[in-house]
Amino acid sequence: MVRTRRLSHAFGVEVLGVDLRETLPDATIATLRGLWNDHGIVLFRGQDITVDQHLAFSRRFGTLDRHDTLKPFRHAENPELLVLSTIPVDGKPSASENVGRHWHSDLSYTTRPPLGSLFHAQILPEIGGDTLFASMGAAYDALSAKLRSIIDGLEAVHDYMGVENMKKRDPALVAELRKANPPVAQPLVRVHEESGRKCLYLSEQMTKVIVGMSERESAPLLRFLFEHSVDPLFTYRHQWARHDLLMWDNRSTMHLALSDFAPGAHRYCVRSTIVGTPSGRVVGAVAG
Ligand code: SIN
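Residues numbered from 1 in each chain as written. Predicted model: local features only at pLDDT ≥ 70, side-chain atom pairs only at ≥ 80, totals over all residues. Heavy atoms only, no water.

What to know about unusual backbone geometry
Keep this limit in mind: By definition, any uninterrupted DSSP run of H or I lasting at least four residues is a helix, any uninterrupted run of E lasting at least two residues is a strand, and each is numbered from the N terminus.
Backbone geometry places histidine 67, a non-glycine residue, at a positive phi of 55°. Tracing the chain through its elements places histidine 67 in the loop between α2 (51-59) and β4 (82-85). The phi dihedral of histidine 243 falls on the positive side, at around 75°, and the residue is not glycine.

Structure (structure tokens):
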């Protein structure tokens, strides 16, 4: 029997009394999977686990991504881990110091968005370093039936190069990311393949245009849907504690790594990513 506690009004659940250093029974994994599908994020506190234990637990939920489209941020020895760090390496800024500082669902700008991620907090600033999450299922459910029927069949173009802080990144790195990630059309409403729940699928900086419309026509609707999706009613702010392990479902949530800590403060976290069902199609250029 797994004990839980809700994290916010809209979504999220904390699991109590589970030690991720142990190999959990299949029945417990099935329960956790059900919680993940239903609640979007699942939190375990106080998990002082090794990299191998993190990866072994992650593998219980599916095949691990080797982060081929995010090579600059991969762990040097282990491609199944992504490093989200502000700690300089050899005197140079960390490649991932500005990663995730915008609302997004991971890899929505590719045709292989992951099922979800397992994020382990290892070094944290004294204050801040929080992550915001939004329930895209709750946001969809709160729309009027008329608007839901209008957007249900639409696609929108996602482009990684839309991320504003790309300008702050090393140009050679940006060129590499551009080459690996051409724009992709995704459904504006994604159906979660396990729960059947409909979820909004867009984010402010990366979703550029609705397919079949001009940018001018799309902009007001995209703006409304984006602002609606991050209404506080549908969000949860996670204040990390050392050794938190948090799983987010990438199909029904999005997230934003906040710059809410002192410049130069150290934050070091690692993430594994579970391969998902392919979605979307490459469109090559940002056009309707
Ligand atoms: C991410 O994986 O998008 C980064 C999240 C975070 O650093 O809080």
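And the narrative resumes.
What to know about the side chain of glutamine 47
Put simply, the test is: We define a polar contact as two N or O atoms separated by no more than 3.5 Å, with the added condition that, inside protein, one atom must be a possible hydrogen donor and the other a possible acceptor, whereas residues neighbouring each other in sequence contribute only through side-chain atom pairs. Note on definitions: a residue-residue contact is assigned when non-hydrogen atoms from the two residues lie within 4.5 Å.
Positionally, glutamine 47 belongs in the loop between β3 (41-44) and α2. A distance of 2.8 Å separates a polar atom in the side chain of glutamine 47 from the backbone nitrogen of leucine 20. In terms of polar contacts, glutamine 47 uses its side chain to reach the backbone carbonyl oxygen of arginine 45, at 3.2 Å. Residues within four places of glutamine 47 in sequence aside, it is in contact with Val18, Asp19, Leu20, His120, His243 and Leu245.

Focus: the site of the ligand
Threshold: Near residues are defined by distance, with any heavy atom within 4 Å of the molecule or strand qualifying the residue. For accessible areas, the Shrake-Rupley method is used with a probe of radius 1.4 Å. Any residue's cover is judged against the shown protein chains and nothing else. Only protein atoms enter the 1 Å grid, on which a cavity is a set of points fitting a 1.4 Å probe that cannot get out and a pocket is an open set with protein on both sides within 12 Å along at least 5 of 7 lines, lining residues being those with an atom within 4 Å of a point. Molecules are considered to sit inside a cavity or pocket once more than half of their atoms lie within 2 Å of its grid points. In this count, Pro and Cys sit with the nonpolar residues alongside Ala, Val, Leu, Ile, Met, Phe, Trp and Tyr, while Asp, Glu, Lys and Arg are called charged and the others, Gly among them, polar.
If you check the shell around the ligand, you find Leu84, Gly100, His104, Asp106, Phe119, Thr131, Trp248, His255, Ala257, Arg267 and Arg271 and nothing else. Threonine 131 is positioned with one of its side-chain polar atoms (N or O) 2.6 Å from an oxygen atom of the ligand. At 2.9 Å, a side-chain N or O of arginine 271 approaches an oxygen atom of the ligand. For the ligand, whose free accessible area comes to 260 Å², the fraction covered by protein is 98%. When each cavity is represented as a set of grid points, the ligand is found to reside in the largest cavity. Looking at side-chain class alone, the shell around the ligand contains four nonpolar, four polar and three charged residues.

Points about the sheet that holds strand β16 (residues 281-282)
What counts here: In short, DSSP must find at least two bridges between two strands for them to pair.
Strand order in this open sheet of four strands is β11-β7-β8-β16, and the pairing throughout is antiparallel. Two strands bound the open sheet, and with one partner strand each, they are β11 (207-210) and β16.

Concerning the layout of surface pockets
Over the atoms, a rolled probe matching the size of one water molecule traces out where space is still vacant. Heads up, the rule is: Grid points are joined across faces, edges and corners, and a volume is the space filled by probe spheres set on the points.
Approximately 540 Å³ is the volume attributed to the largest pocket. Looking at the largest pocket, it is lined by 20 residues, and the ones nearest its centre are Val89, Pro93, Ser94, Ala95 and Ser96. In terms of residue class, the lining of the largest pocket is made up of nine nonpolar, four polar and seven charged. In this model, the second largest pocket occupies a volume close to 300 Å³.

Fair warning: the whole summary comes from geometry, so function is off the table for now.
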